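Here is what each chain is made of, one letter per residue.
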Amino acid sequence: MTHSPRRAEEILQALRLKRPEDIDLEAIAWLQGAKVDYREMDGCEACIHGRADIGRAIIAVNDAHGNLRRQRFSLAHELGHWEWHRGEHLFCAKEDIGGSKGQERGLSREKGANRFASELLMPEFMLKNTLSDFKKFDMRTVRQLSDAFSVSKTAMAYRLVDLDFEPSLLASYSRNGLNWFKRSKSVGERWFLRRTLDPQSNAYDILHKGARDDISLSLMDADTWFDTEGADRYELAEQSFRVGDDEVMTLLVLKSGYMMAR
């Protein structure tokens with residue numbers, strides 16, 4: 001059976017889906033010849049076993065944690081494997097899947113499956129229609145969109161930064177320092193984030209002092225975040241929130257055109 005891989009948006013448009021609530025992953029899987037089985041799994045978030053010759057697959061998704069949005073992204077990730085790596089038997093761990101660490105891992109197959117999942121769950125053409133209702137890019141916007149599209153806040157923030165909704169960065173820090181970051185295309189590549197959190201940042205207080213999550217963007221000097229010459233001449237906006245016992249996520253929105261890519 002000949003199979004031509006398609007981008008996620010092609011699949012959605014072929015099905016004439018126009019709203020996020022129309023994205024029924026189990027139905028999409030069935031139409032792609034894949035049966036979904038939710039069950040408790042040890043050491044694995046999801047796996048897929050398929051036969052390319054007959055176009056049939058079984059996708060198993062871990063439901064032990066009860067996190068429906070994680071299950072949803074895991075299923076979309078495996079659908080990406082079925083679309084692009086058909087016939088392979090793949091086990092995907094937690095660190096392989098998701099809108100954070102999973103997006104940054106070097107394994108091309110896993111990064112490709114994560115991108116497919118992001119595009120399937122948060123298609124650009126649907127986001128553009130929805131974003132017209134929001135006046136600014138902050139975590140309130142991210143939270144409302146994550147609810148509308150039934151994804152995690154981190155996955156939605158990563159997607160919006162990737163789409164360059166506004167010149168921005170998303171960064172993850174632990175007590176050991178910078179885990180990863182995503183820079184939107186309009187941000188100049190010379191702007192390098194500090195490897196460890198500055199005590200003047202809100203993220204430092206959240207991670208090290210148990211402060212509450214930011215409820216809004218806060219203006220601060222850019223050199224709080226960037227170890228780049230001249231950063232002290234500019235300002236940016238920070239909004240940080242805790243995502244685990246030892247992880248804080250930060251959205252940085254640039255306020256100066258001089259910090260854009262040139």
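The structure contained in this document is the topic of the report that follows. None of the values given here were measured: they were computed from a predicted structure.

1. Details of the overall build of the chain
Consideration 1: Summing up its helical and strand segments, the chain has 9 helices and 9 strands in all.
Consideration 2: Over its C-alpha trace the chain gives a radius of gyration of 19 Å, about what one expects of a compact globule, namely 18 Å for 262 residues.
Consideration 3: The principal-axis extents of the C-alpha atoms in the chain amount to approximately 60 × 35 × 30 Å.
Consideration 4: Counting all 262 residues of the chain, 52% fall into the buried class.
Consideration 5: Pairs at least 24 residues apart make up 57% of the contacts formed inside the chain by residues separated by at least 6 positions.
Consideration 6: Total accessible area on the chain stands at roughly 13200 Å², and carbon and sulfur atoms take up 45% of it.
Consideration 7: For the chain, the centre of its 39 positive side-chain charges and the centre of its 42 negative side-chain charges are spaced 3 Å apart.

2. A closer look at a nonpolar patch on the surface
Consideration 1: On the surface, Leu15, Trp30 and Leu31 cluster together to form a nonpolar patch covering roughly 350 Å² of accessible area.
Consideration 2: Topologically, Trp30 is positioned in helix α2 (residues 25–31).

3. What about the pattern of salt bridges?
Side chains that differ in sign of charge can pair as their charged atoms come close.
Consideration 1: For the structure shown, the criterion picks out 15 salt bridges.
Consideration 2: Across the pair Arg6 and Glu83 runs a salt bridge whose closest N-O atoms are separated by 4.0 Å. With Arg6 in the segment before α1 (8–14) and Glu83 in helix α3 (residues 68–84), the pair connects residues that are 77 residues apart, well separated along the chain.
Consideration 3: A residue is classified by how much of its surface remains accessible, and Arg6, at 27% relative accessible area, is partly exposed.
Consideration 4: Overall, Glu83 belongs to the buried group, its relative accessible area being 2%.
Consideration 5: As a salt-bridge pair, Asp246 and Arg175 come within 3.0 Å of each other at their nearest N and O atoms. Here Arg175 lies in the loop between β5 (168–174) and β6 (177–183) and Asp246 lies in the loop between β8 (235–244) and β9 (247–254), a separation of 71 residues in the sequence.
Consideration 6: The class for Asp246 is partly exposed, based on a relative accessible area of 34%.
Consideration 7: Among the charged side chains, a salt-bridge network with shared partners connects Arg115, Glu119, Arg159, Asp162 and Lys182.

Rules used in this analysis
- Numbering of residues starts from 1 in each chain and follows the order in which that chain's sequence is written.
- Reporting in this predicted model follows two pLDDT cut-offs: at least 70 for local features of residues, and 80 or more for side-chain atom pairs to be given and counted; totals over whole chains, interfaces and linings ignore these cut-offs and use all residues.
- The side-chain values count all of the structure's non-hydrogen atoms but skip hydrogen atoms and water molecules.
- What counts as a helix is a DSSP run of H or I of at least four residues, what counts as a strand is a run of E of at least two, and both are numbered from the N terminus.
- In this setup the radius of gyration rests on C-alpha atoms only. A globule is expected at 2.2 Å times the number of residues raised to 0.38.
- Residue burial is assigned from relative accessible area. The probe radius is 1.4 Å, only protein chains are included, and a residue is buried under 20% of its type maximum, exposed over 50%, and partly exposed in between.
- Residue contacts are defined here by distance: any two heavy atoms, one from each residue, within 4.5 Å place the two residues in contact.
- Residue exposure ignores everything except the shown protein chains as possible cover, and the areas themselves are Shrake-Rupley values with a 1.4 Å probe.
- Here the positive residues are Lys and Arg and the negative ones are Asp and Glu; neither His nor the chain ends is included.
- Charge coordinates come from a single atom per side chain, which is NZ of Lys, CZ of Arg, CG of Asp or CD of Glu.
- Patches were defined on residues exceeding 30% relative accessible area and lacking a salt bridge, with like-charge contacts within 9 Å and nonpolar side-chain contacts (Val, Leu, Ile, Met, Phe, Trp, Tyr) within 5 Å.
- Salt-bridge detection follows one rule: a side-chain nitrogen of Lys or Arg within 4 Å of a carboxyl oxygen of Asp or Glu.

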